[in-house]
Structures are given as C-alpha cells and as structure tokens.
Amino acid sequence: MNLHFNIDYHTSFGEELVLNIISSVSDGGHEAIPYRMGTLDGMRWTCEIGNVVKSGEYLDYYYSLVRGDQVLRREWTLETHRLEFAAQKAKNYTVYDHWTDIPDNAYLYSSAFTDTINRRERLRPSKHSFARTVRLKVRAPQLRRNERLAVLGDDAALGNWSVLNAVSMVEHNYNEWLLDIDASLLSSSRFEMKFVVLDEDVDVTPVWELGSNRVIDLPEMEDGDIVVYELPEARFDLYDVKCAGTLVPVFSLRSESSFGVGDFGDLRKMVDWVARTGQRLLQILPINDTTITHTWTDSYPYSCISIFALHPQYADLTALPPIKDEAVREEMEQLRAELNALPQIDYERVNNAKNRYLHVIFEQEGKAVLTSAGFKQFFSEAKSWLVPYAQYSLLRDKYGTADFSQWPDHNTWDEADRASLTSARNKAYKEVSFYYYVQYVLNCQMAAVHEYARERGVILKGDIPIGVNRYGCDVWQEPRYFHLDGQAGAPPDDFSANGQNWGFPTYNWEEMLADNCAWWVRRFSNMSKYFDAYRIDHVLGFFRIWEIPIDSVHGLLGQFSPSLAMTVSEIEAYGLPFREQEFLTPFINDHVLDEVFKEHAQEVRECYVEPAGDGFYRMRPDFDTQRKVEKAFEGKTDEVSVMLRDGLYALISDVLFIRDHRDATKFHPRIAVQHDFIYEALTEQEKFVFNRLYDDYYYRRNNQFWYREAMNKLPRLVDATRMLVCAEDLGMVPDCVPWVMNELKILSLELQSMPKDPTVTFGHLSRNPYRSVCTISSHDMPTLRQWWDEKPERTQEYYNTMLYRGGEAPHPLPGWLARDIISRHLTSPSMLCVISIQDWLAIDERLRLADANAERINIPANPRHYWRYRMHLTIEQLMKDDKFNENLSDLISQSGR
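Here the structure is a predicted model, which is why all the values come from computation and not from measurement. (Residues numbered from 1 in each chain as written. Predicted model: local features only at pLDDT ≥ 70, side-chain atom pairs only at ≥ 80, totals over all residues. Heavy atoms only, no water.)

**A few points about the overall build of the chain**
Logical step 1: Tallying secondary structure elements over the chain gives 26 helices and 34 strands in all.
Logical step 2: Projected onto the principal axes, the alpha-carbon positions of the chain cover approximately 100 × 80 × 75 Å.
Logical step 3: Split into buried and exposed, the 897 residues of the chain put 57% on the buried side.
Logical step 4: Contacts in the chain between residues far apart in sequence, at least 24 positions, make up 73% of those at least 6 positions apart. (Helix = DSSP H or I, 4+ residues; strand = E, 2+ residues; numbered from the N terminus. Buried < 20%, exposed > 50% of the residue type's maximum accessible area, 1.4 Å probe, protein only. Contact = heavy atoms within 4.5 Å.)

Put into structure tokens, the structure is as follows:
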C-alpha cells in the first residue's frame, strides 16, 4: 500500500513542511515519526510513503513547519488528521489536506460538547470493496446531539439535489464526517455538492450549508486508487450554544443521607437537580486531598497535598457495603445524623468519623477489593503517584507532622521504617493498603458521577489550583519542580489591601519546561477522568506569579516572577537618583511611629526599633522580618497586640524598591507604595518620576516577556486534554493576558462588579465576549445579597445606572430584584453563565437563608479562613420544590440557554 500526501502551504526560503505520523499515544502526549516533505514551487508540498503495512484501522498525523531542526509552528494537535483504511481493495491512497490551526470554535471539539452537550455515537466507516473510491471528509462542529451530516450533489450517486435522497455520512472522529463514494457510480469526473444537516425528527427542515456549491475535479483513477479530499469546515446558519450552570463546592452539598459534609453521592443528586432545571453545567471547587494537620485548617481546598489523590471526606459511604457489626453500624448512623444536622461543617469531627468508618469497611471488605480486577487495573494506572502518596500519608501520621524536613533522613530510618516502606512497595503492608483502598473507592465513585453527568447532558467543571501545599506529597516526591525559598500569592486588590500570601511554593519553571511540562500534563490528564471542563485558578500565574519572600507574612514585599527587574542605570535613566540604602530600608522616623502607633509609639521605640542615626530608626534584629514579628505575637489576640503586630508589619514593608530575589544587582518598585510614608517623603518631582517608572514597569515593560512565558507553558497544557478550558483572569491583569487567551481560545471570566474596562464602574453585560464565563460572585467574593448591602452608595449607583430603576435601592435585596439581576446575566452573550447556589436561592425569599452573611464561603484577606459553608436545604428538598424549580427553568429558557 502506498500513501501520497499533498498539502498547500506557502513557505519562505529555508522552511520545510514535515508530515508527522503518530505512532503511539499516552496521557497528554504522543510519539510521532517525522517525514520530510518536498516541493517544486514552495506552495504544494508532497510526501510519498511506499510499502506501508497497515497496523490498525486508521492513521493519525499532523503537519509542522521547520527550519533545519527548529520547529517554527505546528498544526492544532488536539484534533489531528485521520486516514481511515476502510477500502479493502485500496492500493494507493492520494490525500489532499489543508493546514489546520486552532479554530475559533475550538470549544466545540472539547469533551464538554462532543461527549456531553452534543453527545453522539462515533462509528468506524463500513468496510467496502469499491475498485476506485472517492472519499469526502469534512469537519462540522456546529451539529447538535440529534443531528447528522449528509451530502447532496448534482450526480445520481449524490442524490441529484433531492433531500430525500441525501447520502448520509459517518462521524468517524470528533466532529469530523466521512463518506466513501464508489467512483464507478459517478457520471462525471467533475461534480458539485453541498453538505446538509438532517435531524433525527424527519419533520424538521434540513439545514443547507452556507455559501456556493463545492466543486470537485477528480484526477484520473485506476483500480485500487482512493482519493481523499479533506474539505474546509462546513458552515451552517446555526446559533451558538449558551448554557446556564450552578457553582457549589462538593463539601457544601447537603442531602438526607450525607455524613455532615457533601460527598460524591450528593454530587450525583445535584446533577439531577441541575438537569431538571434546564441547566447544562455544574461547577465545583477542588476535590483533592488537603490533609496536613487533621485539623480544621485543612479545610482550605486550594492547598492540596497531592494533585492526584482525592479527599477521603468525599467518599459516599452509602455506596459501600453496610457495616456488619450492628453496634458499630448503629453508632455510626447516630453520629451521621448528628453531624448532618449541623448548620455548618465540623471539619475535624466529620473527617475523624468518616476516616473511622472507612477503616471499618476496609477491615471488612479490603482484602476482597484489593484482589479484584478493577483494583489491579486502577493500581497499574495510578502506581506512580499512589505509592508515594500512601507512603507520605503514613509517615505524616507516624511522625505527627507534614513538615518532612523534620522526618528522619532516609539513611537513618530504623528497621520499622524500612519494613513499612518495603511492605508498601509490595502492596502488602496493611496501613498503606488502606490508602490504596480509599483512593480506589473515591476514583470509582467520582468517575461514575462523571459518566452519569454526561448521560444527563450536564458538564462537570472542575478547578485546578495554581499552587500546592509546600509540605505536601508532590513537593516531597519531586522537590526539583519547586522554589521553596518563596511563597506564591497575589498583589493588593479589592480582596486584600496588603496582597494575599497563599504560602505555596513557587514553581521552578526551568525544570518543568526541561521536562516538557510532564508534571502539569499528568495533572491535567488525571483530571480529565472526572471533568469535561475546568477552571484554571489564577491563570496569571502562568504568565508570572507574585512571589513573596519566605520571611514575609503580607504580600506587599513580593515581586513578579519571572519579570524584567530594573538595573540602577535604568532607574536613573528615568530621572530618579538611586539612593540604595534609603530606598531599600524601611522608612521609620518619629513622625511615622506617632502616626502608626499613637499612644503606643514610645513602647515601639523601646521594644521593637532602635536608632539608626539622623532621626531615623531601624527594626531590632529580633523583629526585622514579618515572620519574626508574627512569632513574637503568636497567640495574642487582644486589640492592642493586633494593632502593634499589624503596625510592625507595615513598618517592615515601607520601602520604595525591593531587591530582586535572584539577581542582587536588580530591583523592583514596591507594589502600592504610593500609600506609604517613604513615598510621601519624596519630593514632588521624585514622585512624578517614580510614578512614571512604576506605571511603565507594572503595565508595559513586561508585556512581551510575559506573553512568551505564557506561550511556553499554556499551549502544552491546553492541548493535554479535550476538556473545555476556562480561566480566572481577575486581578492585576497585564495587556498580554487577553492576547494569549484569544490565541488559545480560553474562556475568560466576566464579572459585572469587576469590569476589565478601567473606564467604567460596572461592566456592561451586553459587551461580554461569547467565549467567556459570566458570573455574579465566586467562592472568594461576597454573595449577591452580601454585596448588595456591603456599600450602599455603590449599590445605589448600580440600581440607577445599570438596572435603570429610579428612586432609592431597597435593602435588603428583595427576591424579585435578585431574579431581575440574574435574568440580566443569563441574557448576556457569554457561552456559560454560572450562578452560585446562594445566588440562585436569593430569588426565593421562602427558601434563602435568613442570615446572608452565613452564606460566605471564603474571605481571601484571611489566610486562615475556615471553609465550612453548607447548604441549609437538602438536595431532596430542592428537587421537590416545584415552584422554585419552575422559576429557574423559566429564567433559563427565556434567556435562550
């Protein structure tokens, strides 16, 4: 069998096209065999591969552009070309392809659409024995779940333009349709044709392809020849799909059978409610294991200890065999009822109880499960992360700390340690096997919910945190991927005036890129087992992360990493003489101390600072970092102590420039320093010059650099799976962010209360791009009802200028007005409109929680916030409330979602 590939591509001198035939596929990647192509005119490139032995039913491949050994660009590899070997008598395949870049409608190729919204059965083309074959191949991503593609043309073999005789095609790949035509039945070597969309309901009018007829001129063909035409995408006059959805953390779900916290069984029930109300998406927060201390501080879902392991608290215990010991079973049921009746989650009691329950079931059922075929397959696929996770969990509990720097060195482990690890590797040690068992149960349950959601036409959308816990299994196992001398966070914003310090280690991107982002690809690939869409938490971190020194508490002393720090000569070129000692040392004098500490200023002079000469002070060595101050005031919660601690934090951060963390000869202007005393001490001319330098640095200097940084990382991750990619792109957003997101077709996040247009107070919903997620509030924000009462003046402006209502805004927010606000969001152009469960309930004053403040999930300014919000209604109650559900259904259907 001979293969002849043809593609038109205009190249420049020194450039060549390469045909890459995929030889093997693994999670998130593939291996390809390259074939150099030739050309006579720099436009038509060809490649002939002779004596090919078929090793499968089809061949996948893609093209790339190279200069020498350098790959300049390649095609979109998420959906490669596919050559089917259905023609049994074919000896020579002649293929006419066209170059495929990532299309504007790339979202239609995501599993959110192909496997959920527009779910259709894909088939292999039927085997045939035509002597000569003409194959038509085209992509038609707009087709809905109940539609199929057909061909009509001016030949009897193509139906003679009669819809009743339309020739049906086969969807052999995602959104790609194929038809093999017996060339002997064609009356001419030239024919005209169009594609047409047919509905399963024969009474529905067919939809004809837009534009002029397509014309095919066949070459001379001999027996054994098959000519394959890959035609440009079919375009139809079909409207874009818009979906409504709900945001709710799994832990916040409440059902009549849950164990004091939402679980994967509750998630399945929530899928039913979402589907019943006409919604098409259910978004949750991260579900990975966060167990570090076994206390409530582990409730923070964005601080995972493993990017693979799921949190044991989400196990649906009702899906497991019942406990055989009647006394234990009754005791656990009584405890379940007690914990499930609590208004909020008692994280420690719930996790201790569920952990005990799982141990009982493991003792009872574990041996049989661990010898099952299902577990063996799971273990073979998950071994690379499961064994280290189990070892880590065992050592964490053995030594009573997750700080592995305090664990004995491997070379000094005692015999018990060595026996534990040896047994773990043999999968025989009982305690380690327990972790295997729990993760197997969680994997099976979550995968089952995912498949169930697909069947119901509901997209499950997950959340990928930007960071990992610095004491977690991932850092313990692969420390080379992390910078442990820094902390990830965010610069000051509306959520926190001092910035946010998440405490995560920052990534060593040099190591990660050297490994082709394999760590990230594995992470995304594993997530695709459970989700068809995902939210990239803090996508700005892939451009640059806000890196805070390890000895800082607040985020003000951070700097963007990587970034183009400034040399002294660059700073002085703006007209600002660089006085290093003055600009890098905390600005402390008597005026500052009196202003910050008032009547306690003298105490600060005597205890915390010391004279530095010329009327200035410096911090005493015992208090010269924020971490030292934090430790000195640990446990002191009285008003004066908190004031002193926060004041000392402010003194330490009162500098004009910060030395670069990795190059001591370069500097960064300190973020938001215009509010501090050292800035006020500058002359008016120096302020003017500094502000110009500051604006250039933060808003212009790094744009191209950050664009290249993101394009080195994000394309590999976006192409790693077929999940729909959404991003949280809020905060201090550089201009290059929308460049990258548009190029990679990533959905943006649009909030009317946080517009991306700096010239307006509130965003105009009608201006939302289609490729976006529209929402009212997130887990980090006040709910709609809270926001309404937070700042009355802002609310009044919104009421008059955005809702176009006269008079005084009512307080608290009435249900009819909450409904109006949600309705306006639903009618926005955004592809997805995701409303939190609290905001959905706000429209019904019968159902919503009386205390709006009890609905808040997180307060970003508080790094030790207790994540314990739980729905006050059960899912069963929601399902039974016809009035509320019909209200939601009407809102959604009237908005065209």
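**With respect to the sheet that holds strand β22 (residues 482-490)**
Logical step 1: Across the sheet, which stays open at both edges, the 4 strands sit in the order β23-β22-β25-β26 with antiparallel pairing between neighbours. Sheet topology places β23 (500-507) and β26 (559-561) at the edges, where each strand pairs with a single neighbour. Neighbour to neighbour, the strand axes of the sheet diverge by 55° on average, direction disregarded.
Logical step 2: Both β22 and strand β25 (residues 545-549) contribute to a ladder of 4 bridges, which runs antiparallel. From the neighbouring strand, Gly486 faces β25, where its bridge partner is Pro549. (Pairing = 2+ DSSP bridges. Axes fitted to C-alpha atoms, helices over the stretch in contact; angles between N-to-C directions.)

**Digging into the sheet that holds strand β5 (residues 44-49)**
Logical step 1: Pairing is mixed in the open sheet, where 8 strands are placed in the order β4-β5-β1-β9-β18-β10-β14-β13. The sheet is open, and its two borders are formed by β4 (38-39) and β13 (170-173), each paired with just one other strand.
Logical step 2: Relative to β5, strand β1 (residues 2-8) is paired through 6 bridges, and the arrangement is antiparallel. Residue Leu3 lies in a different strand from β5, and its bridge partner there is Ile49.

**Points about the environment of Glu209**
Logical step 1: By secondary structure assignment, the location of Glu209 is in the loop between β16 (207-208) and β17 (214-217).
Logical step 2: Since its relative accessible area comes to 7%, Glu209 is described here as buried.
Logical step 3: In this structure the C-alpha to C-alpha distance between Glu209 and Phe236, which are 27 residues apart in sequence, comes to 5.1 Å.
Logical step 4: Residues in contact with Glu209, not counting those within four places in the same chain, are Lys194, Phe195, Arg214, Ala234, Arg235 and Phe236.

**A short note on the pairing of β25**
Logical step 1: Among the 5 residues in β25, 5 count as buried, and that is most of the element.
Logical step 2: Where β25 and β26 come together, 3 bridges link them in antiparallel fashion. Residue pairing in the sheet places Ile545 in a bridge with Ser561 of β26.

**Quick word on the environment of Leu878**
Logical step 1: Summarising the element assignment, Leu878 is placed in helix α25 (residues 875-880).
Logical step 2: Residue class for Leu878 comes out buried when judged on its relative accessible area of 1%.
Logical step 3: Along the backbone, Leu878 and Asn118 are 760 residues apart, and their C-alpha atoms lie at a distance of 27 Å.
Logical step 4: Ignoring anything within four residues of it in the chain, the contact list for Leu878 reads Trp273, Ile837, Leu841, Met871, Leu873, Phe884 and Asn885.

**Quick word on the pairing of strand β27 (residues 609-613)**
Moving residue by residue along a regular strand, the side chains alternate between the two faces of the sheet.
Logical step 1: As paired strands, β27 and strand β28 (residues 616-619) are joined by 4 bridges and run antiparallel to one another. Considered in β28, the bridge of Val609 is made with Met619.
Logical step 2: In sequence, β27 turns back onto β28 through a hairpin of 2 residues, with Asp614 there showing a positive phi of about 60°.

**Things to note about the packing of aromatic side chains**
Logical step 1: Enumeration over the complete set of coordinates arrives at 67 aromatic pairs.
Logical step 2: In this structure an aromatic cluster arises from ring pairing among Phe308, Phe362, Phe375, Phe378, Phe379, Trp385, Tyr389, Phe434, Tyr435, Tyr436, Tyr437 and Tyr440.
Logical step 3: Taking the ring centre of Tyr452 as reference, the NZ or CZ of Arg268 above it sits at 3.7 Å.
Logical step 4: Its end group placed over the ring of Tyr481, Arg480 keeps NZ or CZ at 4.3 Å from the ring centre. (Phe/Tyr/Trp six-rings, centres within 6.5 Å; stacked < 30°, edge-to-face > 60°. Lys NZ or Arg CZ within 6 Å of the ring centre and 35° of its normal.)

**Digging into helix α18 (residues 684-701)**
Logical step 1: With 18 residues, α18 extends 24 Å from end C-alpha to end C-alpha; this agrees with the ideal 26 Å at 1.5 Å per step.
Logical step 2: Looking at α18, one finds that the buried residues are Glu686, Lys687, Val689, Phe690, Leu693, Tyr694, Asp696, Tyr697 and Tyr698. (Expected span 1.5 Å × (residues − 1).)

**Some details on helix α23 (residues 815-826)**
Logical step 1: Between the first and last C-alpha of α23 there are 16 Å, a value that for 12 residues agrees with the 16 Å anticipated at 1.5 Å per step.
Logical step 2: Those residues of α23 lying buried are Gly815, Leu817, Ala818, Asp820, Ile821, Ile822, His825 and Leu826.

**Describing the nonpolar core**
Logical step 1: If you look at the biggest cluster of nonpolar residues, it comprises 229 residues, and the most contacted ones within it are Trp520, Phe657, Trp788, Leu832 and Trp840.
Logical step 2: At 13 residues, the largest contribution of residues to this core is made by helix α7 (residues 430-455).
Logical step 3: Setting aside anything within four residues of it in sequence, one finds Trp520 in contact with Ile464, Ile466, Tyr507, Trp509, Met512, Phe542 and Leu717.
Logical step 4: With 27 residues, the next largest nonpolar core counts Leu179, Ala183, Phe191 and Leu231 among its residues. (Core = buried A, V, L, I, M, F, W, Y, C linked by side-chain atoms within 4.5 Å.)

**Details of the pattern of salt bridges**
Logical step 1: Tallying each qualifying case throughout the model produces 61 salt bridges.
Logical step 2: Here Asp223 and Arg132 are joined by a salt bridge, their closest N and O atoms 3.7 Å apart. Here Asp223, found in the loop between β17 and β18 (225-231), pairs with Arg132, found in the loop between α1 (111-117) and β10 (133-139); they are 91 residues apart in sequence, far enough to count as distant.
Logical step 3: When its relative accessible area of 58% is taken as the criterion, Asp223 is described as exposed. (Salt bridge = Lys/Arg side-chain N within 4 Å of Asp/Glu carboxyl O.)

**Focus: the side chain of Arg856**
Logical step 1: Inspection of the secondary structure assignment puts Arg856 in the loop between α24 (837-841) and α25.
Logical step 2: With no salt bridge to any partner, buried Arg856 finds its closest opposite charge in Glu790, at an N-O distance of 5.0 Å.
Logical step 3: From its side chain, Arg856 meets the backbone oxygen of Asn858 in a polar contact 2.8 Å long.
Logical step 4: With residues up to four places along the chain from it excluded, the contact list for Arg856 reads Asp780, Met781, Pro782, Gln786 and Tyr869. (Lys, Arg positive; Asp, Glu negative; His and termini not counted. Polar contact = N/O pair within 3.5 Å; in protein donor to acceptor, adjacent residues only side chain to side chain.)

**Observations regarding the side chain of Thr506**
Logical step 1: Within the secondary structure layout, Thr506 lies in strand β23.
Logical step 2: Thr506 gets classed as buried once you look at its relative accessible area, which sits at 3%.
Logical step 3: The contact partners of Thr506, leaving out residues within four places of it in the chain, are Tyr481, Phe482, His483, Gly486, Gln487, Ala488, Ile545 and Glu547.

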